[in-house]
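One-letter residues, chain by chain:
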Amino acid sequence: MEGVTDKKSFQTTFQDSDVVIESPGRINLIGEHLDYNGGQVLPAAINLKVRLNFKKNGTRKCNCYSKNYDNHFEIDLDKVEISEKEWHNYFLGVVHFIVQAHPNKIKGFDCIVESDLPIGSGISSSAALECGFAKGLDALFSIGLSDDELVTISRDAEHHFVGTKCGIMDQFAVVKGKKGKLIRLDCNDLSFQYIPANIEPYSIVLLNTNVSHNLATSEYNLRRQECDEALIAIQEKYPEYDVLAHVPEVKAKEFESILPFKIFDRLLYVVQENARTIAASEALETGNLEAFGQKLFESHEGLKNLYKVSCGELDFLVDFAQEYKGVIGSRMMGGGFGGCTINLVHKDRMDSFITEAALAYNLKFNIRLSSFTVAIGDGVKRIK
Ligand code: GLA
């Protein structure tokens, strides 16, 4: 059979797939920019998803069609190289790293992707796509990838093909997510626990700024370098610290006059955010939701003033939430420079909060605000 080449045949493939995968986006309650610093994070998979349909096509070509972009491209299995088009690289990277670890397993296939996850909104549409694509190829060709391999293959695709030197949190949450549970993940040794997301009578509301400032990737990679610089300085005096997140705040403060101003701010953010995340998890487990929410506000302050990854649109929404009765916590979520804020909102105040935030936001920026009330769902899974 020939590989599909036009939209009509893609529709046929869609109805007659060999494998269908659903792969979720993720939220992160607290612990931002800590995964690549060996810190604690508190993510979960959500009920918004990417759906991928796969069918073998008996050739050496792979045809990938994105319903959202209404666009398709072809991968030649004998020539898998980085493309100039960013969205191709998610697929190319995954194929490359699977072939590297498991040669000769992947043959020609057609794949259709359809996504509920808005790109650049900080809910990790990219990890959802990479992990879903890897899981689909695993099922289609009986490769036998472990969960850990799914995570690392997707992360490596992001590092080497897409160019974001991300941490492990997004891929981990997409693969390991569990309905109703937050994942308390220690990014230093990847040990984790599921903790019940007992946040009643509050709900998780995401407000999407619908902006994605294009410095996101370059500034993200720069933050990693700045953190590495801070760690090198710390290790000269305290070689026992392997990761920045483990440095106690009192010791970090000894470096205030030694490190460049900017680097010291990054360091201070990381050590404070790690302590905040630990305190926030404890507050959640003891049912102290107000204290938990307060940590989200504090996290935003740090991201804005010390780590400097926020932007005017995100700050406006967090300020709005902080003033709004019934909201106990709010902060920017994900890499920053746009995307969503995550808000803990009392159920009775949810509709009015969303409506009034949208009005105020539109008045200020003349941009439409979108919102999602998310439920915590399962990780990537095969549904056919
Ligand atoms: C992006 C990256 C993650 C993580 C967050 C910030 O989502 O992909 O690895 O660093 O930003 O917490």
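Some details on the overall build of the protein
Next up, step 1: For the protein, the count of helices and strands is 11 helices and 13 strands.
Next up, step 2: Expected size for 384 residues packed as a compact globule is a radius of gyration near 21 Å; at 21 Å, the protein falls within 12% of this value.
Next up, step 3: Viewed in the frame of its principal axes, the protein has a C-alpha envelope of about 65 × 55 × 40 Å.
Next up, step 4: Taking the contacts inside the protein whose residues are at least 6 apart along the sequence as the reference set, 73% of them involve residues at least 24 apart.
Next up, step 5: Total accessible area on the protein stands at roughly 16,000 Å², and carbon and sulfur atoms take up 49% of it.

Comments concerning the domain arrangement of the protein
Next up, step 1: Its domain assignment divides the protein into domain 1 (7-196) and domain 2 (202-374).
Next up, step 2: Listed as interface residues are 36 residues of domain 1 and, on the opposing side, 44 residues of domain 2.
Next up, step 3: Both faces combined, the contact of domain 1 with domain 2 buries some 3,000 Å², and carbon together with sulfur accounts for 63% of it.
Next up, step 4: Area buried by domain 1 at its contact with domain 2 is led by Ile30, Glu32 and His33, which between them contribute 21% of it.
Next up, step 5: With its nearest N and O atoms 2.8 Å apart, the salt bridge here joins Arg331 to Glu32.
Next up, step 6: Where domain 1 touches domain 2, the interface holds 19 residue pairs in polar contact (both at pLDDT 80 or more).
Next up, step 7: Class assignment for the residues of the side of domain 1 that touches domain 2 results in 15 nonpolar, 16 polar and 5 charged.

Comments concerning the nonpolar core
Next up, step 1: By size, the foremost hydrophobic cluster in this structure holds 111 residues, and its most contacted members are Ile27 and Phe133.
Next up, step 2: If you tally residues by element for this core, the top one is helix H8 (residues 261-285), at 10 residues.
Next up, step 3: Taken domain by domain, the makeup of this core includes at least three residues from each of domain 1 (7-196) and domain 2 (202-374).
Next up, step 4: Listed in part, the 15 residues of the second largest apolar core include Leu207, Val211, Ala321 and Tyr361.

A word on the side chain of Glu158
Next up, step 1: In this fold, Glu158 is placed in helix H4 (residues 147-162).
Next up, step 2: In this structure, Glu158 is buried with no salt-bridge partner, the nearest side chain bearing the opposite charge being Arg155 at 9.6 Å.

Some remarks on the pattern of salt bridges
Next up, step 1: Counting across every chain of the model gives 22 salt bridges.
Next up, step 2: With a closest N to O distance of 2.9 Å, Arg276 and Glu273 form a salt bridge. With Arg276 and Glu273 both in helix H8 and 3 residues apart, the pair spans about one turn of that helix. Pair check on accessibility: Arg276 and Glu273 agree, each one buried.
Next up, step 3: Salt bridges sharing partners connect three or more residues here, namely Glu219, Arg223, Glu226, Lys262 and Arg266.

Brief notes about the site of the ligand
Next up, step 1: Around the ligand, the neighbouring residues are Arg26, Glu32, His33, Asp35, Tyr36, Cys166, Gly167, Met169, Asp170, Tyr220, Gly334 and Gly335.
Next up, step 2: With respect to the ligand, the side chain of Arg26 contributes an N or O atom lying 3.0 Å from an oxygen atom.
Next up, step 3: At a separation of 2.9 Å, an oxygen atom of the ligand approaches a polar backbone atom of Gly167.
Next up, step 4: Taken by itself the ligand offers 300 Å² of open surface, and the protein chains cover 91% of this.
Next up, step 5: Of the residues in the shell around the ligand, the class split is 4 nonpolar, 4 polar and 4 charged.
Next up, step 6: Two domains share the shell around the ligand, each providing at least three of its residues, namely domain 1 (7-196) and domain 2 (202-374).

Description of the sheet that holds strand E9 (residues 202-212)
Next up, step 1: Taking strand neighbours across the sheet as the criterion, the 4 strands line up as E10-E11-E9-E12 in an open arrangement whose pairing is antiparallel. Two strands close off the open sheet at either side, each with one partner strand: strand E10 (327-332) and strand E12 (370-374). With strand direction ignored, the average angle separating the axes of adjacent strands in the sheet is 20 degrees.
Next up, step 2: Where E9 and strand E11 (residues 338-346) come together, 8 bridges link them in antiparallel fashion. Following the sheet pairing, Ser212 is matched in E11 by Gly338.

Quick word on the pairing of E11
Next up, step 1: Among the 9 residues of E11, 8 are classified as buried, and the element is accordingly described as predominantly covered.
Next up, step 2: Taken together, E10 and the strand that follows it, E11, pair antiparallel across an intervening segment of 5 residues, in which Gly334 is found at a positive phi of about 90 degrees.

What about the environment of Asn47?
Next up, step 1: Structurally, the position occupied by Asn47 is in strand E3 (residues 43-56).
Next up, step 2: For Asn47, a relative accessible area of 34% gives the class partly exposed.
Next up, step 3: Those residues in contact with Asn47 that sit more than four places away from it in its chain are Asp116, Val374, Ala375 and Gly377.

Considerations on the sheet that holds strand E1 (residues 19-28)
Next up, step 1: Strand order across the open sheet formed by 6 strands is E5-E4-E6-E3-E1-E13, with mixed pairing between neighbours. Strands with a single pairing partner mark the edges of an open sheet, and in this sheet they are strand E5 (71-76) and strand E13 (381-382).
Next up, step 2: For strand E4 (residues 61-66) and strand E6 (residues 109-115), the ladder comprises 5 bridges, and the chain directions are parallel. Within the sheet, the bridge partner assigned to Cys64 lies in E6 and is Cys111.
Next up, step 3: Strand contacts of helix H2 (residues 86-101): E4, E5 and E6, with the helix running at about 30 degrees to E5, the strand carrying the most contacts.
Next up, step 4: Its contacts with the sheet place helix H3 (residues 125-140) against E1, E3, E4, E6 and E13, and it is angled at close to 45 degrees to E3.

The rules behind each value
- Residues numbered from 1 in each chain as written.
- Predicted model: local features only at pLDDT ≥ 70, side-chain atom pairs only at ≥ 80, totals over all residues.
- Heavy atoms only, no water.
- Helix = DSSP H or I, 4+ residues; strand = E, 2+ residues; numbered from the N terminus.
- Rg over C-alpha atoms; globule rule 2.2 N^0.38 Å.
- Contact = heavy atoms within 4.5 Å.
- Areas by Shrake-Rupley, 256 points an atom, 1.4 Å probe, with all protein chains shown as cover.
- Domains from an automatic or database assignment.
- Buried area = accessible area lost by both parts, 1.4 Å probe.
- Salt bridge = Lys/Arg side-chain N within 4 Å of Asp/Glu carboxyl O.
- Polar contact = N/O pair within 3.5 Å; in protein donor to acceptor, adjacent residues only side chain to side chain.
- Nonpolar A, V, L, I, M, F, W, Y, C, P; charged D, E, K, R; others polar.
- Core = buried A, V, L, I, M, F, W, Y, C linked by side-chain atoms within 4.5 Å.
- Buried < 20%, exposed > 50% of the residue type's maximum accessible area, 1.4 Å probe, protein only.
- Lys, Arg positive; Asp, Glu negative; His and termini not counted.
- Near = heavy atom within 4 Å.
- Pairing = 2+ DSSP bridges.
- Axes fitted to C-alpha atoms, helices over the stretch in contact; angles between N-to-C directions.

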